[in-house]
Amino acid sequence: MNDVAIIGGGASGLFCAIYVKHLLNKENIHDVNITIYERLEKTGKKLLATGNGKCNFSNKHVSKEKYNNPDFVEPLLKKFNYKHLKEFLEELGLYTISDSEGRAYPQSETANSVLDILRTKIKIEGITESCNTDIKKITYMNGKYILETNRNQKHTADYLVMATGGKACPIHGSNGSGYVLLKPFKHKIIDPKPGLVSIKTDANQVKSLAGIRVKANVLVFDKKQKKTVWEEKGEVLFKPDGLSGIVMMQASTFMQRKNGSYKILLDLCPTFTEEQLILDLTKRYEMFKGFEVSQILTGIFNKMLNLAILKKAKIDLSTHVDKLTKKDILKIAKAIKEFEFDYNGTFDFDKAQVTIGGVDVQEVNRLTLESKKSDNLYIIGELLDIDGECGGFNIHWAFTSAVACAANIAEKIKSFSND
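What you see is a predicted model; the values in this text were computed from it and never measured. (Residues numbered from 1 in each chain as written. Predicted model: local features only at pLDDT ≥ 70, side-chain atom pairs only at ≥ 80, totals over all residues. Heavy atoms only, no water.)

Novice: Can you help me understand the overall build of the protein in this one?
Specialist: A tally of regular secondary structure across the protein gives twelve helices and 19 strands. Referenced to the eigenvectors of the C-alpha coordinate spread, the extents of the protein come out at roughly 90 × 40 × 35 Å. Buried positions account for 54% of the 419 residues belonging to the protein. In the protein, 73% of the contacts between residues at least 6 apart in sequence involve partners at least 24 apart. Within the structure as shown, the protein displays about 19300 Å² of accessible surface, and the carbon and sulfur contribution to it stands at 47%. (Helix = DSSP H or I, 4+ residues; strand = E, 2+ residues; numbered from the N terminus. Buried < 20%, exposed > 50% of the residue type's maximum accessible area, 1.4 Å probe, protein only. Contact = heavy atoms within 4.5 Å. Areas by Shrake-Rupley, 256 points an atom, 1.4 Å probe, with all protein chains shown as cover.)

This is the structure in structure tokens:
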């Protein structure tokens with residue numbers, strides 16, 4: 001009997017277990033025990049939180065360019081792409097849809113549908129879910145892995161899959177334990193940092209804007225290089241002490257990885273050039289003469305944002321529109337095109353969607369994800385130094401890495417069965 005132990009009952013762990021059985025069933029091989037060890041009371045808790053509870057599980061535009069180590073992920077993405085994943089999930093019974101951005105969801109638009117399908121398949125295949133089981137130590141002896149639990153129990157396995165996740169969102173299971181468990185195997189760990197997370201800034205700059213959303217072109221300005229080093233359009237959400245929204249999360253990952261000194265510039269009118277904006281503000285000057293200066297931006301932005309822009313431009317709010325000078329008009333236009341914020345780092349792992357960093361990809365086989373340090377040890381999902389953009393790319397990697405690992409385990413079991 002072959003024993004496969006999977007530590008971590010998240011997306012990659014569940015999918016790996018299912019796919020091993022899927023491949024072995026095709027070969028009519030059934031002498032395998034698969035156990036998923038999950039430290040929480042239920043498997044799949046993080047999956048339930050993805051895509052604002054709708055579970056954005058993949059994207060039609062999955063490609064190597066969406067990830068931090070593109071050359072490493074490329075061959076695996078070719079073997080298990082968006083179409084493959086969609087077809088496999090539908091074979092399990094899940095109805096799927098996609099939106100105009102290519103993001104894929106369950107038709108129900110509830111994450112429970114994805115998790116329920118996976119857990120139902122787990123039960124059908126007789127795969128064991130050992131919840132409330134925290135693996136505290138792993139040793140390798142005589143060709144077997146020995147797993148010691150929080151209950152002082154010991155379990156052995158012929159194949160060990162590390163699917164613990166990184167450190168992002170520990171309340172849903174990923175608490176960094178995978179890095180600790182891998183220490184005896186001397187894997188290099190790229191320093192983990194929060195990724196796809198909101199950005200911190202001076203609370204005095206944003207507290208009056210909390211809850212307001214704007215469409216903007218976001219620019220990351222490197223203070224040392226004195227130039228813009230990243231930009232992308234999207235919706236920005238002002239928080240009491242920071243900036244959020246998908247585009248800001250994308251920006252956070254870039255800045256976390258580069259470790260530079262930055263400031264954030266929001267172009268609040270990306271469809272206008274600065275010259276066009278100056279012309280419009282000049283017309284408004286004529287239109288709103290006699291009114292309080294705050295009225296000059298009426299109809300463009302939220303009232304509180306109008307006031308914040310004027311403050312950024314250092315306009316006296318107690319004055320009237322007709323007192324504005326040409327220089328003041330230029331300053332207002334500049335404040336709109338370069339609405340500036342300090343970058344004070346990001347929020348911590350408890351607010352992050354993914355982990356930047358993890359096990360160095362050079363220390364696993366790029367086609368099977370088997371460790372180069374220890375035979376029959378596999379490292380998959382977010383535990384590796386692989387992270388993707390927002391839009392379903394990270395869960396797709398969880399599934400794709402699970403498939404690569406499962407295929408190799410199934411092939412090995414098949415080879416032994418034929419001997």
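Novice: I tried to follow the side chain of Ser401 on my own but got confused; where do I start?
Specialist: Along the chain, Ser401 falls in helix α12 (residues 393-418). In contact with Ser401, other than residues within four places in its own chain, are Ser12, Leu369, Ile380 and Gly381.

Novice: I tried to follow the pairing of strand β9 (residues 154-157) on my own but got confused; where do I start?
Specialist: Remark: a regular strand shows side chains that alternate across the two faces of the sheet. When strand β8 (residues 144-149) meets β9, the two strands line up antiparallel, connected through four bridges. Across the sheet, Glu148 pairs through a bridge with Lys154, a residue of β9. Hairpin connection from β8 to β9: four residues lie between these consecutive antiparallel strands, with Asn152 at a positive phi of about 60°. (Pairing = 2+ DSSP bridges.)

Novice: Sorry if this is basic, but what is going on with helix α11 (residues 326-337) here?
Specialist: Each α-helix winds once per 3.6 residues, and so residues spaced three or four apart point in a common direction. When the terminal C-alpha atoms of α11 are compared, their 17 Å separation across twelve residues agrees well with the 16 Å that a helix rising 1.5 Å per residue should span. Inspection of α11 places Asp328, Ile329, Ile332, Ala333, Ala335, Ile336 and Lys337 among the buried residues, and these make up the whole buried set. On its buried face, α11 sits against β16 (262-267), α9 (274-287), α10 (303-312) and β17 (339-342). (Expected span 1.5 Å × (residues − 1).)

Novice: What's the story with the sheet that holds strand β12 (residues 199-200) in this structure? I'm lost.
Specialist: Strand order in the open sheet formed by six strands is β12-β15-β14-β13-β16-β17, with antiparallel pairing between adjacent strands. Looking at strand neighbours, the two that pair on one side only are β12 and β17, the edges of this open sheet. As paired elements, β12 and strand β15 (residues 242-244) share two bridges and run antiparallel to each other. The partner of Ile199 across the bridge, within β15, is Leu243. Its contacts with the sheet put α10 on β13 (213-222) and β17, and the angle it makes with β17 is roughly 80°. This element, α11, spans β16 and β17 of the sheet and lies at about 110° to β16. (Axes fitted to C-alpha atoms, helices over the stretch in contact; angles between N-to-C directions.)

Novice: Would you mind showing me how to read the packing of α10 against α11 here?
Specialist: Between two packed helices, the angle of one axis relative to the other and the distance separating the axes together describe the packing. Contact geometry for α10 and α11: axes closest at 8 Å, N-to-C directions at 115°. Every pair of crossing elements has a handedness; the one defined by α10 and α11 is right-handed. Taking contact as the criterion, the partners of Ile309, Leu310 and Lys312 in α10 are, on α11, Ile332, Ala335 and Ile336. (Left-handed = near helix turned anticlockwise from the far one by under 90°.)

Novice: Looking at this model, I keep getting lost on the environment of Lys21. Mind explaining?
Specialist: As for its placement among the helices and strands, Lys21 is situated in helix α1 (residues 11-26). Its relative accessible area of 8% is what places Lys21 among the buried residues. Here the alpha-carbon distance between Lys21 and Leu196, two residues 175 residues apart in the chain, equals 33 Å. Excluding residues that lie within four positions of it along the chain, Lys21 makes contacts with Val32, Ile34, Glu125 and Ile127.

Novice: Can you walk me through the packing of α9 against α11 in this structure?
Specialist: At their nearest, the axes of α9 and α11 sit 9 Å apart, and the two run at 130° to each other. Taken together, the axes of α9 and α11 are oblique relative to one another. The interaxial crossing formed by α9 with α11 has right-handed handedness. Along its contact with α9, which presents Glu274, Leu277, Ile278, Leu281, Thr282 and Tyr285, the element α11 presents Ile329, Leu330, Ile332, Ala333, Lys334, Ile336 and Lys337. (Parallel < 35°, antiparallel > 145°, perpendicular 65-115°, else oblique.)

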